[in-house]
Amino acid sequence: EVLVEKELLQRLILLKMAVKSMKYHSNLKLPEETKAGYVIWDGSASDYPHWKYRTDLKFVSRKHVKTNEFPAKFCETMVSVSEALRGDALTVQMDIGKDDLLDPEFEREPDGTRVARGYKLLMQAMKEKVYPQVEDEAKQMYAEFHTFGS
């Protein structure tokens, strides 16, 4: 009976910690930005969605420039995004290579949309870098809770 109560208390403590971590924090800091409004990102999984969303906005806005101006505007945007990368994110970007990264040629996606090759390579590489981390963290949390709660 005492063991059951202790186990119940431990589970309640874990539940409280989980709920507390999801609580809204008014003093939560967003990732830093460059003067031009590009998100400075070091490759952390927690800031990936914010970085991806803001970076997507920058590139989508470039689709609306005149066709003959697109390659130059695309390269400007890619350089600005690259200047805002730090740590692991910068390493991933460097592994892609300058010529591939700055390639503004469009490729057709399976859903019919057209995407600039350099943008596609950058987003794929960053996603591959971030999501294995998230999966590993989830496995570690599950293993810890599963061992602790059994």
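Details of the structure are given in the entry above.
Cut-offs used in this document
Residues numbered from 1 in each chain as written. Predicted model: local features only at pLDDT ≥ 70, side-chain atom pairs only at ≥ 80, totals over all residues. Heavy atoms only, no water. Phe/Tyr/Trp six-rings, centres within 6.5 Å; stacked < 30°, edge-to-face > 60°. Helix = DSSP H or I, 4+ residues; strand = E, 2+ residues; numbered from the N terminus. Buried < 20%, exposed > 50% of the residue type's maximum accessible area, 1.4 Å probe, protein only.

Overview of the packing of aromatic side chains
Working step 1: Inspection of every chain in the model, using the stated rule, returns seven aromatic pairs.
Working step 2: A ring pair is formed by Phe59 and Phe74, whose centres lie 5.5 Å apart and whose planes are at 50°; its orientation type is tilted. Of this pair, Phe59 sits in helix α2 (residues 48-62) while Phe74 sits in helix α3 (residues 70-83); the two residues are 15 residues apart in sequence, bridging distant segments of the chain. Residue Phe59 shares its accessibility class with Phe74, and that shared class is buried.
Working step 3: Aromatic pair Phe59 and Tyr119: ring centres 5.0 Å apart, planes at 55°, arrangement tilted. One end of the pair, Phe59, is in helix α2; the other, Tyr119, is in helix α6 (residues 117-149), and 60 residues separate them in sequence.
Working step 4: The class of Phe59 is buried, set by a relative accessible area of 6%.

The values reported here are purely geometric and, on their own, carry no functional implication.
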